[in-house]
Amino acid sequence: MTEFERRPIGRTALQVTVLGLGCATLGGRRIPVSQETGAAIVGAAWEAGLRYVDAAPYYGFGQAERAVGDALRGRNRDDWVLSTKVGRLLRPIDDAKAAKAHGHIMPFEPVYDYTYDGIMRSFEDSLQRLGLGRIDILYVHDIGAYQHGIVANAGHLRDLRLSGYRALEQLRRTGAIGAFGIGVNEREVLLDAMEWGQWDAFLLAGRYTLLEQAPLDDLFPKCQAAGTSIIVGGPLNSGILAGRDTWNYDTAPPEIVTRVRSIQKICDAHRVPLPAAALQFPLAHPVVAAIIPGPRNVEEFRANLELLRHPIPAALWSDLRQAGLLHPAAPVPAG
């Protein structure tokens, strides 16, 4: 078992291993993942020394939370950190045909609710699905114009600001959770939320990677000043940095493919696998507490472990920066 470095979540007492387990894939949304495979992935992560696990009601409409709870219920609860999400409630689907048509074994559909009552209910529902007595971190899930559109998102943000945020504060104040934040794919809503709330951590998926570093210009400096940690989701940018053709959950556009090929060329010149550089890069920034790739099977998880340990010469990073493929202010891993 590897002893992973642990980093704090904001100014709280929580500490997470720098490599966590992202459990979106356990929901089987994009590729089928059996209960046995899900349990094996979580078990392999535990045996490897990972002590931070992230789930969400939306992942498989409850399937991922059940998998995590079943796999880890017997472990000492003080030895690991669990995050899940609020913002969607799961409503039963009565029609058996409709339930089967949505492609998941769990007969539920999501309903957005960012109000006080919605967040409280989501929290309690997650405890029941997980079969656990504690959740450490709650992220408000998928709020923002990217997810909802400008008009609908304005209403959701109003609900969160005027109602739901109070629920998060109450849960943390009473010790029901240790920290709270927002989990999204866009930095703009995080910048907006920092104007009116105090957040322990943001789970930002796909926006701070070897391919994209725009948060260095605005979000990360604000987070450092506020004491807000960043959890990097999707460090492989939906697969484009691991040899697949997907970016941002869709087929990568030509300009992204071209940029990735340029990065790949420099990695090849230094005999470094591109995904090794991609997994190691985000952790060089002091505001980043962890990365949480989502392996699709045990073999992929173990491959990620090896990639995270792969030696990378300092010249690779300097060559990327010289080629204009790395932000001038981006910290890079020590050699």
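Up top is the structure.
Residues numbered from 1 in each chain as written. Predicted model: local features only at pLDDT ≥ 70, side-chain atom pairs only at ≥ 80, totals over all residues. Heavy atoms only, no water.

Caption draft 1: Focus on the side chain of K85. Note that K85 resides in strand β5 (residues 81–86). From its side chain, K85 meets the backbone oxygen of A55 in a polar contact 2.8 Å long. Residue contacts for K85: discarding those within four places in its chain leaves D54, A55, A56, P57, Y59, S122, S126, L138, Y139, H141 and L203. (Helix = DSSP H or I, 4+ residues; strand = E, 2+ residues; numbered from the N terminus. Polar contact = N/O pair within 3.5 Å; in protein donor to acceptor, adjacent residues only side chain to side chain. Contact = heavy atoms within 4.5 Å.)

Caption draft 2: Examining the packing of aromatic side chains more closely. Scanning all chains against the criterion turns up 11 aromatic pairs. Centre to centre, the rings of Y165 and W199 are 5.2 Å apart; their planes meet at 70°, and the pair counts as edge-to-face. Taken as a pair, Y165 in helix α6 (residues 150–173) and W199 in the loop between α7 (188–193) and β10 (201–205) lie far apart in primary sequence, 34 residues in all. With a relative accessible area of 9%, Y165 lands in the buried category. Among the residues examined, W199 registers a relative accessible area of 3% and is labelled buried. With centroids separated by 6.2 Å and ring planes inclined at 45°, the aromatic side chains of W199 and F202 adopt a geometry described as tilted. (Phe/Tyr/Trp six-rings, centres within 6.5 Å; stacked < 30°, edge-to-face > 60°. Buried < 20%, exposed > 50% of the residue type's maximum accessible area, 1.4 Å probe, protein only.)

Caption draft 3: The arrangement of the environment of A252 in detail. Checked against the element boundaries, A252 lands in the loop between β13 (250–251) and α9 (254–269). Sequence separation between A252 and S238 is 14 residues; the distance between their C-alpha atoms is 9.4 Å. Residue contacts for A252: discarding those within four places in its chain leaves I240, D245, T246, W247 and V257.

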